[in-house]
Amino acid sequence: MATFALKSFTGLRQSSPDQINFVSHVPSSLSRSQRRTSLKVTASRASPKLANRSLRVAVIGGGPAGGAAAETLAQGGIETILIERKMDNCKPCGGAIPLCMVGEFNLPLDIIDRRVTKMKMISPSNIAVDIGRTLKEHEYIGMVRREVLDQYLRERAEKSGATVINGLFLKMDLPEEWDSPYVLHYTEYDGKTGATGQKKTMEVDAVIGADGANSRVAKSIGAGDYDYAIAFQERIRIPDDKMTYYEDLAEMYVGDDVSPDFYGWVFPKCDHVAVGTGTVTHKGDIKKFQLATRNRAKDKILGGKIIRVEAHPIPEHPRPRRLSKRVALVGDAAGYVTKCSGEGIYFAAKSGRMCAEAIVEGSQNGKKMIDESDLRKYLEKWDKTYLPTYRVLDVLQKVFYRSNPAREAFVEMCGDEYVQKMTFDSYLYKRVAPGSPLEDLKLAVNTIGSVFRANALRREIEKLNV
Amino acid sequence: MSISMALFSPPISSSLQNPTLTPRISLSLLSSTKRFSLLSVTRASSDNGASTPDSAAFSATTVEIPKPVEEVPIKSPAESSSASENGGDETDLPTTTTEIKFQDAKWVNGTWDLKQFEKDGKTDWDSVIVAEAKRRKWLEDNPETTTNAEPVLFDTSIIPWWAWMKRYHLPEAELLNGRAAMIGFFMAYFVDSLTGVGLVDQMGNFFCKTLLFVAVAGVLFIRKNEDLDKLKGLIEETTLYDKQWQAAWKEPESSSSSSSTVSSKK
């Protein structure tokens, strides 16, 4: 076992042939060469077998990413511990999930409060465009309550064999030796010791950081910072007759008054609507933008009562380091939120699952220790599968959220059926379907036309300003 | 833009600006100056210069607007105080509908009535464009709620492409072509005087052709002084997102490069 393990490490300065006690000889040179070869994808067969125990992995954070990761890990035969600080956390989230998530994660249909099949996009000059005509009967955007979805995924993880702990992750001691465990410090709330909880420690072999935008795991491994947007949302209960309008319709408002680099929204929830907006560059003015959003939707939410005000940071791009040795970040902690639409739930769950799958595969169902190269496989797979999607949405945001004329052009273009079909196809199924080249050409011409017209009108407006 | 806040704040600055218009303090709440065209002598010239065909329609709008405005100063403090009351668990949203609305004689049922824009039996597209620009400017300054009762249905694509060309593309093309011609003439003369190579021979030379390409590209892309910096920023912007994604694949000890990729896009 040891000799064949040695051959796969390139650049290793080991020359002595007797490797019976492989572990004790190797540590210092291994860690140095590991650093040098950490970017090469070396086989994980080099890792030693774990004697009479399974791999122990802790998942910090019990949202969609944590729940999906814990379930996949537990199903793969790995000893999984999920640490979540607030079991009934009501997240300030749009709550929209694409259709493919229901299928891929086998979500029961009663988790979905509403099926949104129509969307209205409203331009700065209040030109409203209806989107959704191209949706088929069975297609919809699911609106969920985060507390319901998160709880469901956690329960499924528990049923698969994961241990769910209600606790707050404090910090993590990084291992000195390459095969030492990570020591997690956390506060456990078990209801008996009262609100403050009990300080505890735990030793694990690997950690998946799924603890969201303000990830402490990310801080522990020095993952670096990212730019983030502030999303501000008010939940408003509106009279029933106004609620019927939002029965299966969501609205998106664009404009300088609503947000300089994002959009304002009205999303229907179980029995109320969520009205919110977000921004990256003008965080101090978020309240003003929220007032403007409410003003734009004023007639439609007339007589409503604000029942909750919430805000949360949303990452704009991935952190510089998404993994370090045997710690990997997934979901919002890694920064997997798309631009333009700000979608994060599906990507969180999917990245949690992908990372867990990489761990299961690298450890051969929990029998061997993993190392950084196994986790890098998850990064590779993720980037290969989803980087095109992220890039396209980034380009869309850069081009169409720049200025009011650009937004007007955007809304005009969204009225086009071909655009709607392509948009929904890529959103609902997360695949970039090849459209017909003739339609693409027509679309390009129409886009240029819309942008030209909108910019021409802006020039006219500037002339009037003088 | 703090225009919506300006609606709620006392108009001290504007009253200082126009001392002769003190009886119109309620009008000055609206930051758009077009509404003073009847009375404000200082602004009249620039206004009328830009919108001669519409001055008649305009006087109609200026007469209409003052009436709803009187109610706004009274209602707005009440509205703003109820909106900012977030201390309790539930806050009521204002239950009154919008008072200020974009109104124009030619804006009918959420779109421009093209019949009213006719001149000599044909639609005067220029005035339609100007009218839509005015509407958008009005909305930028006074954001309005969207209602289902009166949806906005206007689509700019009903204005034919040649109207847009004539109004925007052709003047700018003329300007840019003029610049290119001037640069071209003087560069050709300059190169000829320095090297003795005539115009026809210059066109055969690779270096000269490159210079020509650079000159044309420069005229096209750099129209104002600010464009130079804007272009540099654009190039950096297009590659920033990719750099942020590739950061995970760089060496861990490059802490300086990881901090540089964190530069926020302004």
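Each chain has its residues counted from 1, running along the sequence as written. Lettering of chains starts at A and numbering of ligands starts at 1, both following the order in which they are written. Predicted model: local features are reported for residues with pLDDT of at least 70 only, side-chain atom pairs are reported and counted for 80 or more only, and whole-chain, interface and lining totals are derived from all residues. Heavy atoms throughout the structure, all of them, feed into the side-chain values; hydrogens and water do not.

A. Focus on the overall build of chain B. Elements are defined by DSSP. Helices are runs of H or I of four residues or more, strands are runs of E of two residues or more, and each kind is numbered from the N terminus. The number of helices and strands found in chain B is twelve helices and five strands. Relative accessibility under 20% of the residue-type maximum defines a buried residue, over 50% an exposed one, and the middle range a partly exposed one, all with a 1.4 Å probe and only protein chains included. The buried share of chain B, taken over its 266 residues, is 33%. Residues are treated as being in contact if the distance between any of their heavy atoms lies within 4.5 Å. Taking all contacts inside chain B whose residues are at least 6 apart in sequence as the whole, residues at least 24 apart take part in 54%. For chain B, the computed accessible surface area is about 16,100 Å², with 63% contributed by carbon and sulfur atoms. Computed by Shrake-Rupley with a 1.4 Å probe, the accessible areas treat only the displayed protein chains as cover when residues are assessed.

B. Main features of the overall build of chain A. On a plain count of helices and strands, chain A comes out with 14 helices and 18 strands. Looking at chain A as a whole, 59% of its 466 residues are labelled buried. A separation of at least 24 residues holds for 71% of the contacts in chain A among residues at least 6 apart in sequence. Accessible surface for chain A amounts to roughly 18,700 Å². Of this, 54% is attributable to carbon and sulfur atoms.

C. Fine view of the pattern of salt bridges. Any Lys or Arg side-chain nitrogen found within 4 Å of a carboxyl oxygen on Asp or Glu counts as a salt bridge. For the structure shown, the criterion picks out 42 salt bridges over all chains. In this structure, a network of salt bridges that share partners links the residues Glu408(A), Glu132(B), Arg135(B) and Arg136(B).

D. Structural context of a nonpolar patch on the surface. Residue and element names in this part refer to chain B. Residues enter patches when they are more than 30% accessible in relative terms and free of salt bridges; like-charged ones are connected within 9 Å and nonpolar ones (Val, Leu, Ile, Met, Phe, Trp, Tyr) within 5 Å. On the surface, a nonpolar cluster with roughly 830 Å² of combined accessible area is contributed by Leu199, Val200, Met203, Leu212, Val216, Leu220, Phe221, Ile222 and Leu228. Contributions of two or more residues to the nonpolar patch are made by α9 (199-204) and α10 (206-221). Sort the elements by how many residues they give to the nonpolar patch and α10 lands first, with four residues. Tracing the backbone through its elements, the reader meets valine 216 in helix α10.

E. Molecular detail of unusual backbone geometry. All names here are of chain A. Even without a glycine there, the phi angle at asparagine 106 is positive, about 50 degrees. The class for asparagine 106 is exposed, based on a relative accessible area of 57%. Even without a glycine there, the phi angle at asparagine 126 is positive, about 65 degrees. Looking at the secondary structure, you find asparagine 126 in the loop between β5 (118-122) and β6 (128-131). Given a relative accessible area of 4%, asparagine 126 falls into the buried group.

F. A look at the pairing of strand β11 (residues 206-209) of chain A. Residue and element names in this part refer to chain A. Burial along β11 is two-sided: Ala206 and Ile208 and Val207 and Gly209, pointing in opposite directions, are all buried. Here, strands pair whenever DSSP counts at least two bridges between them. One ladder, built from four bridges, connects strand β1 (residues 56-60) with β11; its direction is parallel. Paired with valine 59 across the strands is isoleucine 208, a residue of β11. Relative to strand β18 (residues 327-329), β11 is paired through three bridges, and the arrangement is parallel.

G. Here's a closer look at the sheet that holds β11(A). Residues and elements named next belong to chain A. Ordered by their spatial adjacency, eight strands build an open sheet running β10-β9-β8-β2-β1-β11-β18-β17, and the pairing between neighbours is mixed. Two strands close off the open sheet at either side, each with one partner strand: β10 (198-204) and β17 (323-324). The sheet contact formed by strand β9 (residues 182-188) and β10 spans seven bridges and is antiparallel. Within the sheet, the bridge partner assigned to leucine 184 lies in β10 and is methionine 202.

H. Structural view of the confidence of the model for chain B. Residues and elements named next belong to chain B. pLDDT measures how confident the predictor is about each residue, on a scale from 0 to 100. With 58% of its residues at a pLDDT of 70 or more, chain B shows a mean pLDDT of 67. Mean pLDDT across the elements of chain B ranges from a minimum in helix α5 (residues 66-69), with 34, to a maximum in helix α8 (residues 161-195), with 91. Interface predicted TM-score (ipTM) for the complex: 0.72; the corresponding pTM is 0.75.

I. Representation of the packing of aromatic side chains in the model. Pairing of aromatic rings covers Phe, Tyr and the six-membered ring of Trp, with a centre-to-centre limit of 6.5 Å; geometry is then stacked below 30 degrees between planes, edge-to-face above 60, and tilted otherwise. Under the counting rule described, the total for this entry stands at 22 aromatic pairs over all chains. Seen from their ring centres, Tyr346(A) and Phe347(A) are 5.6 Å apart, and the 75 degrees between their planes marks the pair as edge-to-face. Take Tyr346(A) and Phe347(A): they sit in the same class, and that class is buried. Pairing Tyr390(A) with Trp245(B) gives two aromatic rings, centres 4.7 Å apart and planes at 50 degrees, and the pair type is tilted. Taken together, the positions of Tyr390(A) in helix α11 (residues 372-400) and Trp245(B) in helix α11 (residues 226-246) put the pair across two chains. Residue Tyr390(A) is classed as buried on the basis of its relative accessible area, which comes to 0%. What makes Trp245(B) buried here is its relative accessible area of 1%. Of the aromatic side chains, those joined through ring pairs into one cluster are Tyr336(A), Tyr346(A), Phe347(A), Trp382(A), Tyr386(A), Tyr390(A), Tyr241(B) and Trp245(B). To sit over a ring, a charge needs its Lys NZ or Arg CZ within 6 Å of the ring centre and within 35 degrees of the ring normal. For Arg353(A), the ring lying beneath its charged end belongs to Phe105(A), and the centroid distance is 4.1 Å. A cation over a ring is seen here: Lys106(B) above Phe117(B), with NZ or CZ 4.8 Å from the ring centre.

J. Seen up close, the UniProt feature "domain: FAD-binding" (unreviewed entry) in chain A. UniProt positions are given in the numbering used here, feature names are shortened, and annotations may be inferred rather than shown by experiment. Here the UniProt-annotated "domain: FAD-binding" (unreviewed entry) positions come out as residues 56-88 of chain A. A distance of 26 Å separates the end C-alpha atoms of residues 56-88 of chain A, which is 36% helix and 33% strand.

K. Looking closely at the nonpolar core. If you look at the biggest cluster of nonpolar residues, it comprises 110 residues, and the most contacted ones within it are Ile359(A) and Tyr378(A). Contacts of Ile359(A), omitting those with residues within four sequence positions, involve Leu55(A), Val57(A), Leu73(A), Ile78(A), Ile208(A), Ile370(A) and Leu375(A). The definition of a nonpolar core used throughout is a set of buried Ala, Val, Leu, Ile, Met, Phe, Trp, Tyr and Cys residues joined through side-chain atoms within 4.5 Å.

L. Looking closely at the packing of helix α12 (residues 404-414) of chain A against helix α14 (residues 437-465) of chain A. Residue and element names in this part refer to chain A. Relative orientation of the contacting elements α12 and α14 amounts to 140 degrees, with a least axis distance of 8 Å. Between α12 and α14 the crossing geometry is right-handed. Residues Pro405, Glu408, Ala409, Glu412 and Met413 of α12 form the contact with α14, whose participating residues are Leu443, Thr447, Ser450, Val451, Arg453, Ala454, Asn455 and Arg458. Here the residues of the contact of α12 with α14 are counted per class, giving six nonpolar, three polar and four charged. Angles here are taken between N-to-C directions and fall from 0 to 180 degrees, while the axes themselves are lines fitted to C-alpha atoms, restricted in helices to the stretch in contact. We call a crossing left-handed when the near helix sits turned anticlockwise from the far one by less than a right angle, and right-handed when that turn is clockwise. Just so you know the grouping, Ala, Val, Leu, Ile, Met, Phe, Trp, Tyr, Cys and Pro go in nonpolar, Asp, Glu, Lys and Arg go in charged, and all remaining residues, Gly too, go in polar.

M. Focus on helix α10 (residues 345-362) of chain A. Residue and element names in this part refer to chain A. Multiplying one less than the number of residues by 1.5 Å gives the expected span of a helix. Its 18 residues give α10 an end-to-end C-alpha distance of 26 Å, which sits within 8% of 26 Å, the value for a rise of 1.5 Å per residue. Extensive coverage of α10 is indicated by the burial of 16 of its 18 residues. The first or second residue beyond α10 is glutamine 364, which carries a positive phi of 50 degrees.

N. Spotlight on the packing of α10(A) against α11(A). Residues and elements named next belong to chain A. Packing of α10 against α11 leaves a shortest axis separation of 8 Å and a crossing angle of 150 degrees. With respect to α11, the element α10 is oriented roughly antiparallel. In this structure, the crossing between α10 and α11 has a hand that is right-handed. On α11, the residues that touch Tyr346, Phe347, Lys350, Ser351, Met354, Cys355, Glu357, Ala358, Ile359 and Gly362 of α10 are Asp374, Leu375, Tyr378, Lys381, Trp382, Thr385, Tyr386 and Tyr390. Here the contact of α10 with α11 is composed, by residue class, of eleven nonpolar, three polar and four charged. Oblique is the label for any angle not under 35 degrees, not over 145, and not in the 65 to 115 range, which are roughly parallel, roughly antiparallel and roughly perpendicular in turn.

O. Geometry of the side chain of Thr447(A). Following the sequence through the fold, Thr447(A) ends up in helix α14. Apart from residues lying up to four places away in sequence, Thr447(A) is in contact with Phe400(A) and Met413(A).

P. Representation of the environment of Ser324(A) in the model. Residue and element names in this part refer to chain A. Position of serine 324 relative to the elements: it lies in strand β17. Residues serine 324 and glycine 161, 163 residues apart in the sequence, show an inter-C-alpha distance of 26 Å. Each residue touching serine 324, except ones within four places of it in the same chain, is listed here: Tyr182, Ile221 and Glu372.

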